[in-house]
Structure formats: C-alpha cells, structure tokens
Amino acid sequence: MKKLIRSLPLLVLALGVTLPAVAGVHWGYEGDELPENWAKLSPEYQMCGLGRNQSPVNITTPIQAQTAPLEVHYGTTSGNIVNNGHTVQINEGKPDDYIVVDNQQYHLVQFHFHAPSENQINGKSYPMEGHFVHSNANGDLVVMAIMFEEGPENTAADQLLARLNAKENSPEAFDNIDIKSLLPANMQYYRFSGSLTTPPCSEGVTWIVLKQPMTLSKTEIDKFTQAFKHHNNRPIQPLNGRLIIEN
Ligand SMILES: [Zn+2]
C-alpha cells in the first residue's frame, strides 16, 4: 500500500501522463461497486474498510494553531482535461505549480472535482469540492481542497470546461489557463491527516481544506455534474480521535 501511494504520483510527474484512478478492479459510486463495498472489491482496497484515518471527514471543533500561512505558487498552466469516468480531472503538463507545506515544496500533479463536496465543514455540504493533489520528491501527498458554492462564474473553470470532451477517457489539451483564479483570496485553512477518498484509500495524505469557498455559476456546476452522471462523493468517515487544526 505504501509503495503504491509513493510510486503513483512520481510516475505521473515523470511521464506527465493521465493518472488512471487506479489500475485495478473497477469501482464506483453506485450499485455493487459503491463506496460501502470498495474494501470487498479487491484485497488492494482493504484500507477502504480497515483504515482508521480515512477521508473525507466532517470538520468540527478544530484546534487553533500557530501554523505558517499557506504559500501557493500557482501561475498560468497547460495540461489536459479528461472525464475519467469517476471525475473531471485536470492533469498538469509541467510541474511548476507548487505549494509550500512544512518548508517543503509539493508540486501540483492534478486536480479534480467532486459533487456534492466530500468533506463537510460543521456538517455543511457544498455543491462541489475541488481537490488539488500535490506530491513532494518522496511521493508524499498533500491535497488542498476548495469548496465551491453557486454564485458568480469562474473564468478559469469556464476555460477548462470549454476543453472538456464529453467522451470518457479522451483527454483534451489546454494552454495558458490561470488556475490561480480558482483559489480564494483568503487562504486560511483546516489541516488534518487523512487518505485518498477513492480506492485504494491509501493513508498518510495531508489534507488542507481552505475555509473560504469559491463560486461557480449554475451553468458551470451543471456542466461538471452532467459529466459525472451521478454523485461522486464518498460518505463521511469517522475521525477516530484525529485532531483537526486551523490557522
Ligand atoms: Zn478527490
């Protein structure tokens, strides 16, 4: 399991290819393949059932901490956008967007969306949640999550959606999109330890959930959710004594 979580992001960084959700047994959000059954689908997915630090979570009673402000170095980027059957995913073409966490650089590998949101803040669910997946040189992962509610449209989201091919697993390239404009002005966050929210549900993932939601227009939200065809949020997982800190 540990090997898998370390090797996948590195592979993506090295090859610049589309990361398959996971090369393995098919899983989903409906029927026999729904989240409650993931652990039974394959021995490789056992953490989905056995894990004690699973994501997503309901963020309640965070502890105030003197943590460093989140340093985000995003610019205009190029890459490709694909409907991989589980989500709409944007793969970075060149790994020069990064964040700094605990004095280490974590490079953006891909970002994708869930509807409705996976994490909740004080029991509140949002229409969408973006997961910006970053990896350091060791393959350790930091996922920065941004909540989206309905409101004014987002130009970067519009530009990305314009490139989205309705056909599954058909990546379309894009150039020079200012992905920084997907981020809120206020970068205060909640932080906790968790897992991938999709099989193999590997743990040891650092989660940073931004407090300030962004907006997407109803049309933009509809375009994303129509691509997903169904909800793609894993249910809330127990905290099991984990601490959530906030800055
Ligand atoms: Zn996700």
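Remember, predicted model here, so these are calculated numbers, not experimental data.

Caption draft 1: Seen up close, the overall build of the chain. Tallying secondary structure elements over the chain gives 5 helices and 15 strands in all. What you see for the chain is a C-alpha radius of gyration of 17 Å, in line with the 18 Å of a compact globule of 247 residues. The principal-axis extents of the C-alpha atoms in the chain amount to approximately 45 × 40 × 35 Å. Of the roughly 11,100 Å² of accessible surface on the chain, 51% is carried by carbon and sulfur atoms. The positive charge centre, built from 17 side chains, and the negative charge centre, built from 25, are 5 Å apart in the chain.

Caption draft 2: Structural detail: the coordination of the zinc ion. Surrounding the zinc ion are the protein donor atoms His 112 (NE2), His 114 (NE2) and His 131 (ND1), at 2.0 to 2.1 Å. Between consecutive donors of the zinc ion, the numbers of intervening residues give the motif H-x1-H-x16-H. Taken together, the residues His 114 in strand 7 (residues 104–114) and His 131 in strand 9 (residues 128–135) connect sequence positions 17 residues apart. The buried category is assigned to His 114, whose relative accessible area is 2%.

Caption draft 3: Region of interest: the nonpolar core. One finds Leu 70, Tyr 74, Phe 111, Phe 132, Met 144 and Leu 182 to be the most contacted residues of the largest nonpolar core, which totals 39 residues. The contact partners of Tyr 74, leaving out residues within four places of it in the chain, are Asp 97, Tyr 98, Ile 99, Leu 108, Phe 132, His 134, Met 144, Ile 179, Lys 180 and Leu 183. Core analysis: the second largest hydrophobic core is formed by 15 residues, Val 57, Ile 59, Val 133 and Tyr 190 among them.

Caption draft 4: Quick look at the pairing of strand 12 (residues 189–195). Extensive coverage of strand 12 is indicated by the burial of 6 of its 7 residues. Bridge count for strand 12 against strand 13 (residues 203–210) is 7 bridges, and the pairing is antiparallel. Along strand 13, the bridge assignment pairs Phe 192 with Trp 207. The pairing of strand 12 with strand 15 (residues 245–246) spans 2 bridges and is antiparallel. In the strand pairing of strand 15, Arg 191 is matched with Ile 245.

Caption draft 5: The confidence of the model for the chain, seen in detail. Summarising the model, the chain shows a mean pLDDT of 91, and 91% of its residues fall at 70 or more. Ignoring residues within four places in sequence, the model shows residues 1–22, a span with pLDDT below 50, making 43 contacts including any to other chains.

Caption draft 6: Examining the pattern of salt bridges more closely. Enumeration over the complete set of coordinates arrives at 5 salt bridges. Salt-bridge contacts for Glu 246 lead to Lys 211; the nearest nitrogen and oxygen are separated by 2.6 Å. Here Glu 246, found in strand 15, pairs with Lys 211, found in the loop between strand 13 and strand 14 (214–216); they are 35 residues apart in sequence, far enough to count as distant.

Caption draft 7: Broad picture of the packing of aromatic side chains. This model, assessed by the stated rule, comprises 9 aromatic pairs. Taking the centre distance of 5.8 Å and the plane angle of 75° together, the rings of Tyr 29 and Trp 38 count as edge-to-face. Given a relative accessible area of 0%, Trp 38 falls into the buried group. Its end group placed over the ring of Tyr 126, Lys 124 keeps NZ or CZ at 4.8 Å from the ring centre. The cationic tip of Lys 211 hangs over the ring face of Tyr 190; the distance from NZ or CZ to the ring centre is 5.2 Å.

Caption draft 8: Focus on the packing of helix 4 (residues 155–163) against helix 5 (residues 218–228). Closest axis-to-axis distance for the helix 4/helix 5 pair is 11 Å, and the angle between their directions is 40°. In terms of orientation, helix 4 lies oblique with respect to helix 5. Crossing geometry of helix 4 relative to helix 5 is assigned as left-handed. The segment helix 4 lies against helix 5, with Ala 157, Asp 158 and Leu 161 engaging Glu 220, Lys 223 and Phe 224. Grouping the constituent residues of the contact of helix 4 with helix 5 by class yields 3 nonpolar, no polar and 3 charged.

What counts and how
- Residues numbered from 1 in each chain as written.
- Predicted model: local features only at pLDDT ≥ 70, side-chain atom pairs only at ≥ 80, totals over all residues.
- Heavy atoms only, no water.
- Helix = DSSP H or I, 4+ residues; strand = E, 2+ residues; numbered from the N terminus.
- Rg over C-alpha atoms; globule rule 2.2 N^0.38 Å.
- Areas by Shrake-Rupley, 256 points an atom, 1.4 Å probe, with all protein chains shown as cover.
- Lys, Arg positive; Asp, Glu negative; His and termini not counted.
- Charge placed at Lys NZ, Arg CZ, Asp CG, Glu CD.
- Donors = N, O, S within 2.8 Å, 3.2 Å for Na, K, Ca; no water.
- Buried < 20%, exposed > 50% of the residue type's maximum accessible area, 1.4 Å probe, protein only.
- Core = buried A, V, L, I, M, F, W, Y, C linked by side-chain atoms within 4.5 Å.
- Contact = heavy atoms within 4.5 Å.
- Pairing = 2+ DSSP bridges.
- pLDDT = per-residue confidence, 0-100.
- Salt bridge = Lys/Arg side-chain N within 4 Å of Asp/Glu carboxyl O.
- Phe/Tyr/Trp six-rings, centres within 6.5 Å; stacked < 30°, edge-to-face > 60°.
- Lys NZ or Arg CZ within 6 Å of the ring centre and 35° of its normal.
- Axes fitted to C-alpha atoms, helices over the stretch in contact; angles between N-to-C directions.
- Parallel < 35°, antiparallel > 145°, perpendicular 65-115°, else oblique.
- Left-handed = near helix turned anticlockwise from the far one by under 90°.
- Nonpolar A, V, L, I, M, F, W, Y, C, P; charged D, E, K, R; others polar.

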